[in-house]
Amino acid sequence: MNMRSLVALTIAALISYAALPASPGLAQSASEVFDGVITGYTTAGTGELQSFTMVNAKGQMLEFKVQAGAQTTAYGLENQAGDRWVSDQSKDPVEAVRRLRDHQERFAPVTVTARDGVALSVVEKEGGRLETNLGYLFAIYTVTWLAFFGYVFILSRRQRDLQREIARLKAAPASQNKK
Amino acid sequence: MLRTILSRNLFLAVTAGMTVLTLWMVFIWAPTETEQGNIYRSLFFHVPLAWVSMVSIVGVAVASLAYIRFKDIRLDRLAVAMAETGVVCGALMLLTGMMWARPVWETWWTGEAKLTTALIMFFIYVAYLMFRSYHPAGAQRQRIAAVIAVIGAVDSLIIYVAADLWQRAHPPIILGPAGGKDGAIASQFGLTLLVAVIAFTLLYAFVASERYRIRSAEDDVVELRRLADASEGERS
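All figures in this text were calculated on a predicted structure; none of them were measured in a lab.

Cut-offs applied
In this convention, every chain numbers its residues from 1, walking through the sequence in written order. For naming, the first written chain is A and the first written ligand is 1, with later ones following in the order written. The model is predicted, so local features are restricted to residues of pLDDT at least 70 and side-chain atom pairs to those at 80 or more, both for listing and for counting; the totals for chains, interfaces and linings are taken over all residues. Here the side-chain values reflect all heavy atoms present in the structure, with hydrogen atoms and water set aside. The buried label applies to any residue whose accessible area, calculated with a 1.4 Å probe on protein chains only, is under 20% of its type's maximum; exposed applies above 50%, and partly exposed to all values in between. Each helix corresponds to a stretch of at least 4 residues labelled H or I by DSSP, and each strand to a stretch of at least 2 residues labelled E; elements are numbered beginning at the N terminus. Strands pair, by our definition, only if DSSP identifies at least two bridges between them. We count a salt bridge whenever a side-chain nitrogen from Lys or Arg sits within 4 Å of a carboxyl oxygen from Asp or Glu.

### A word on the pairing of strand E7 (residues 118-124) of chain A
Residue and element names in this part refer to chain A.
- Where burial is concerned, most of E7 is hidden: seven out of the seven residues are buried.
- Relative to E7, strand E4 (residues 74-78) is paired through three bridges, and the arrangement is parallel. Paired with tyrosine 75 across the two strands is valine 122, which belongs to E7.
- Relative to E7, strand E6 (residues 109-115) is paired through six bridges, and the arrangement is antiparallel. Bridge pairing in E7 places valine 110 opposite glutamate 124.
- Linkage of E6 to E7, two consecutive antiparallel strands, is achieved through a turn of two residues, within which aspartate 116 is found at a positive phi near 55 degrees.

### Details of the pattern of salt bridges
All names here are of chain A.
- Counted by the stated rule, this structure contains 17 salt bridges over all chains.
- With a closest N to O distance of 2.9 Å, arginine 98 and glutamate 95 form a salt bridge. Within this pair, arginine 98 and its partner glutamate 95 are both found in helix H2 (residues 93-106), separated by three residues, close to a single helical turn.
- A residue is classified by how much of its surface remains accessible, and glutamate 95, at 22% relative accessible area, is partly exposed.
- As a salt-bridge pair, arginine 168 and glutamate 165 come within 3.1 Å of each other at their nearest N and O atoms. Placement of the pair is arginine 168 and glutamate 165 together in helix H4 (residues 134-171), with a separation of three residues, close to one helical turn.
- On the basis of relative accessible area, glutamate 165 is assigned to the buried category, the value being 17%.

Pasting the structure below:
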C-alpha cells in the first residue's frame, strides 16, 4: 500500500465526513414524516378506511388519504398489550379502521409517512428515538472508518519495512555472491 | 510493471469513487426509515461487512483446499490475505451490529442464532490465523488450516439462512438467492444497499490484494535470509 493509495482513501473518507454534520436534516426524502394523534377517519360504504385526520404537537390538523394497490398504505400498529399488527390497505382495509379507532380512543401517538397528502405508512410512534439515535450512527461510522484505516495504515507500515529489508538483504554481499 | 501500476491505480480510483457514491447515497439520497430513524443507515455498513466476511471465509476455504491439491504458493498467500482481511471485516460486522442493536432492540447482544453463528465465524477466523501462526509450516498445518476454513465456510451458509430457520428478532434475508421473500425492501433502500455491497466488496478486494503483495514480500524476505545464511555457512 503506497502513500498515494492512503491519501486517496483518506480524501474519500474526509469528503464523506463533510456530509455528516448536516445529519439532523440528513435525508432529502421525497416523503414527509408526521407525528400526532388520530382524531377521526372516514370509511366507504363497505366499511373500508378511506382517509383519517390527526393533530400534531403544534395543534395543526392534518388529513391523509389511504390507498390500496401497488403503492398501498402500510400499517404497523400495536394494541394496548404491545402486540404489533402489520398489514396494509390492500389486505385489511376494514381492520385498519378498527386499529385507528383503537388508537384514537387511547390517544396513542402514531407516525405517518406521507407524500402529496397520501399516507404511505402509519406506524406506532417510536418514542422520539428518531432524533436521538444519531449518536450511535456517528459512533458506527467512526468505528468503521477508524478500524479500516488503522488496518490499512498497519499494512502500509509493514510493506515499507519489508521493502527496506528486501533492499538490505539484496545489497548484502552474501546474496549478491549467490546470484 | 507500468501496466500493473496503472491497473492498480484504476482499481483504487474506482473503489474510492464507489465509496464516495455509497456515502452520498447512505447519508443524503436514501430517505429516513420511519420506524428506526437514522440509525437504520448503519445497516448500509453492517450488511456489506457481513457479506464480505462471509464470502471471504468461503474464499479462504477454497484457496486452502486448492493449495493442498495444486501446491501453488500463490493460493496459500491468497488464503492468508483473505483470512486477515476477513477477520477485520468480521470484527467490524459484530461491532456495527451491536451498536445498531442497542438503540433498536435496547440491548447490545442477544443469544439468537444469527448473532451466535456470526460470532462463531469470527472465532473461526481467529482460530485459522492463530493456528497458522503457531503451528510449524508443513503439510499437516495446511491440512488442519483447510479443515478450519471449511468449517467456517459451512458456518457462513448457516449464518445466511439463520434468520429464516430460527425466526427471532433479526430481520429476514434480503440479499442473495434466498432474499426478498419476506424482507423485500423499498427501491431506494435496496439500491443504496446494492451500491454499498459493491463498494465494500471492492474495498475488501483492494485491501486483500495489498495484503497478498505483503505476503509475497514476506516470502521473499524469508528466501533472501535463507540464501544469506546458506552463503554464510559455506564461507565459515
